[in-house]
Amino acid sequence: MTSPRDLAGARPGPAFTVTLDGREIAALPGQTVAAALWAAGVTSWRTTRGEGRPRGVFCGIGICFDCLVTVNDRPNRRACLMPLHAGDAIRTQEGTGHDD
């Protein structure tokens, strides 16, 4: 099976590591948080504030706020827009991401 990277002729730089709740995840230069998490098989990284329902990417373009995540202790980062850097620490976000 041909990968999207092959179809696009992409030549990304070397992979690096980030963490999700302490678990190491491989990422490529230029990937967003959402893209790296999806590639690692993670589809949900936030829970709703009222009922604790799982959320991940919905719109993928930064409009809906369903993909909010905490990155490097900063809550409410949109995973679909946030580019990754080596060593970034991503945490699953519950509710608003603040101590309510």
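What counts as what
- Residues numbered from 1 in each chain as written.
- Predicted model: local features only at pLDDT ≥ 70, side-chain atom pairs only at ≥ 80, totals over all residues.
- Heavy atoms only, no water.
- Helix = DSSP H or I, 4+ residues; strand = E, 2+ residues; numbered from the N terminus.
- Rg over C-alpha atoms; globule rule 2.2 N^0.38 Å.
- Contact = heavy atoms within 4.5 Å.
- Areas by Shrake-Rupley, 256 points an atom, 1.4 Å probe, with all protein chains shown as cover.
- Lys, Arg positive; Asp, Glu negative; His and termini not counted.
- Charge placed at Lys NZ, Arg CZ, Asp CG, Glu CD.
- Core = buried A, V, L, I, M, F, W, Y, C linked by side-chain atoms within 4.5 Å.
- Buried < 20%, exposed > 50% of the residue type's maximum accessible area, 1.4 Å probe, protein only.

Peer 1: Please explain the overall build of the chain as it appears in this structure.
Peer 2: A tally of regular secondary structure across the chain gives 2 helices and 8 strands. Scanning the chain from its N terminus toward the C terminus, one meets helices and strands in the order α-β-β-α-β-β-β-β-β-β. In terms of C-alpha radius of gyration, the chain reaches 14 Å, essentially the compact-globule figure of 13 Å for 100 residues. With the C-alpha coordinates aligned to their principal axes, the bounding extent of the chain is approximately 45 × 25 × 20 Å. Long-range contacts, defined here as pairs at least 24 residues apart, represent 36% of the contacts in the chain between residues at least 6 apart. On the chain, roughly 6,300 Å² of surface is accessible, and the fraction owed to carbon and sulfur atoms is 52%. Seen as two clouds, the 11 positive and the 10 negative side-chain charges of the chain have centres 6 Å apart.

Peer 1: Can you walk me through the nonpolar core in this structure?
Peer 2: When a protein is soluble and globular, its nonpolar side chains tend to lie buried together. With 18 residues, the main nonpolar core has Val33, Leu37, Trp45, Val69, Ala79, Leu84 and Ile90 as its most contacted residues. Put simply, the parts of the chain that give this core at least two residues each are strand 1 (16-20), strand 2 (23-27), helix 2 (33-39) and strand 5 (68-71). Among the elements that make up this core, the one with the highest residue count is helix 2 (4 residues). For leucine 84, the residues in contact, after removing those within four places along its chain, are Phe16, Val18, Ala27, Gln31, Thr32, Val33, Ala36 and Ile90.

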